[in-house]
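Spelled out from the first residue to the last, the chains are:
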Amino acid sequence: MRKFWIGLGGLAIALAIVLAARETTTSQSAQNSLSAPASTAVSQAAPAPSKPEIFFARAEGVDGPALAFDLSNGQARFTLPPGVASADGEHYYSATAGDSQTSLYSFDVTNGLIAQSGTLEGRWGLRGVSANGRWLALTRGISKMQEEEWSRTERWKTEIGIIDSTNWQLEHSVKLDGKFEVDTVSSDGRSLFLIQHHSPASSGRYDVRLYDLAKQELQAEPLREKGNDEVMAGSAWDAVASPDGHWLLTLYLNSEKNEAFIHALDLNARYPVCIDLPSGSGNLALLKYYSLTLSPDGTRLYAANAALGVISEVNLDTRGVGYTVTFVPRADITLATHPEAPTSRSAISKDGKMLYFSTGREVWAYDTSARNVSATYRVSSVAGLGLSRDGKQLYVV
C-alpha cells in the first residue's frame, strides 16, 4: 500500500492506494424442486474484543467480491465472496449454487468469517436483502433453453423464495407469470417489492409491484406516484438504501429520452416517486457517471456527476431536488469508455459536511455547507472510498 498526503486549505488528507488481487466466479442455471434450507448454523466467527471500523470496496462492481479495509489505517483486512450487504451494514450474505442445491452463507462483517450457513434445494440466485438483514429474497435459476424460449414467446415465469435468516427456513414461495425482478424486501418481512418488466423487454418499460407476503398475493394495481398513471421506462444503473429501511433509491437511465432520474421507493408508505436529475445535453454515456450518497441523518440524497459537473441534493422529505450545484469538470478529465457497470464511487463524512465522489479516475471534494467543490485529486482507478471517523483521512482503493 502507498500513502501520500495532499494539503487542502490547511487540512491534510491521506489517500491510501491499495492494489487488490482479482478474483473470478462462475454461475450456472438449472431447474430443481423447492424445499426449505437445512439449518446447519455452523458458527465459525470468534467474537471480536472491539468492533473495528470497516469499509468495503468492490473493484469488479456489485457482482464482484467485497474487499474490506480498516478505517483506522487503510489496511486491507479480508475479502468476502460476491454477495449482498444489508443497508444497516451489519449483515452480508452470499449464495453458491451447486448441481442440485444452493449453499447460503452469512458472514461476520468485522472479520470476514462465516457466521452461519444453510442450504436450499435447487439452483437459486440471491437478489435482495431487507435493510435489517433478516429477510433474504432469492430467484430460481432457469436453463438457457428456457430463457431462449421465454424471450421468444414473451411468456416468462418467475419463482422467488423468501428466507428468514434467524432460522434459515423458507418462509414464502412465490410463483408469478411474467418477468419480475426483486427490488427489495421490507424489514418487517410483510412486503416484497418487485419490478415487472413489460414486453418487449427492449422497451425498458416497467411497473413497481407489491406482493403482500402476509396475504400471499400480488396487489392488483402497480405502485405509482400519486396522480401519475404513466408507465415508467428506463434501466436501473445504481442504487442505495437507507439503513432504517425507509427508502430504496435507484438511479434509472432512460435511453429513449436520454435522461437520468431517481426512482425513490418509500417502503413504509409503499409507493414510488420519480425525481428527475440534471441530464445535461442528453449524453447517455455521461449520465452513467452519477453516484448516489445518503446523508448521515437520512434526509438528503446527493446525486453527484463529475462528468457533467453537477451535484443535486434530493430532499427526501419533500421528494424533490432541493438544490443543484454546477462546477466546471477538469479539462483533462479521464472517463472509461462506455462502462458496462457503475464506475463512480462516493463517500460522506460522519458529520455530513464533506462529500467525496469520483468518476472512477479522479476524486472530487464537495463541502455540503458551503455548497462548493473545493478540490480534485487525480488517481489511476478508483474501486472504493472510505473516510475515517474524524473525517481527516480519505482512503482511496
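Above this text is the structure in question.
Values in this document were obtained by computation on a predicted structure and should not be read as measured data. (Residues numbered from 1 in each chain as written. Predicted model: local features only at pLDDT ≥ 70, side-chain atom pairs only at ≥ 80, totals over all residues. Heavy atoms only, no water.)

## Concerning the pattern of salt bridges
Applied cut-off: A pair is scored as a salt bridge if a Lys or Arg side-chain nitrogen falls within 4 Å of a carboxyl oxygen belonging to Asp or Glu. Secondary structure elements are defined from DSSP: runs of H or I of at least 4 residues count as helices, runs of E of at least 2 residues count as strands, and each element is numbered from the N terminus. When accessible area is computed with a 1.4 Å probe and restricted to protein chains, residues below 20% of their type maximum are described as buried, those above 50% as exposed, and intermediate ones as partly exposed.
For the structure shown, the criterion picks out ten salt bridges. A salt bridge links Arg134 to Asp164, with the shortest nitrogen-to-oxygen separation between them at 2.9 Å. With Arg134 in the loop between strand E10 (124–129) and strand E11 (135–140) and Asp164 in strand E12 (residues 157–164), the pair connects residues that are 30 residues apart, well separated along the chain. Ionic pairing is found between Arg140 and Glu159, a salt bridge with its closest N-O pair at 2.9 Å. Taken together, the positions of Arg140 in strand E11 and Glu159 in strand E12 put the pair 19 residues apart, joining distant regions of the chain. Overall, Glu159 belongs to the buried group, its relative accessible area being 16%.

## Quick word on the pairing of strand E16 (residues 205–212)
The condition is simple: In this analysis, strands are considered paired if DSSP registers two or more bridges between them.
Along E16, seven of the eight residues are buried, which leaves the element largely enclosed by surrounding structure. The sheet contact formed by strand E15 (residues 191–197) and E16 spans seven bridges and is antiparallel. Looking at the pairing, Leu194 lines up with Arg209 of E16. In terms of strand pairing, E16 meets strand E18 (residues 232–233) through two bridges, oriented antiparallel. In the sheet register, Arg205 faces E18, and the bridge partner there is Ala233. Strand direction decides the pairing type here: E16 and strand E17 (residues 217–218), joined by two bridges, are antiparallel.

## Looking at the sheet that holds strand E27 (residues 346–348)
Across a sheet, strands are paired by hydrogen bonds formed along the backbone, either parallel or antiparallel in direction. Note the cut-off: A fitted line through C-alpha atoms serves as each axis, taken over the contacting stretch for helices, and the angle formed by two N-to-C directions is quoted from 0 to 180°.
Strand order across the open sheet formed by four strands is E27-E28-E29-E30, with antiparallel pairing between neighbours. Each of the sheet's edge strands pairs with one partner strand only, and the pair in question is E27 and strand E30 (372–378). The sheet shows a mean angle of 15° between the axes of neighbouring strands, direction not considered. Note: strand E29 (residues 362–367) against E30, six bridges, orientation antiparallel. Each bridged residue has a counterpart across the sheet, and for Val363 the counterpart in E30 is Tyr377.

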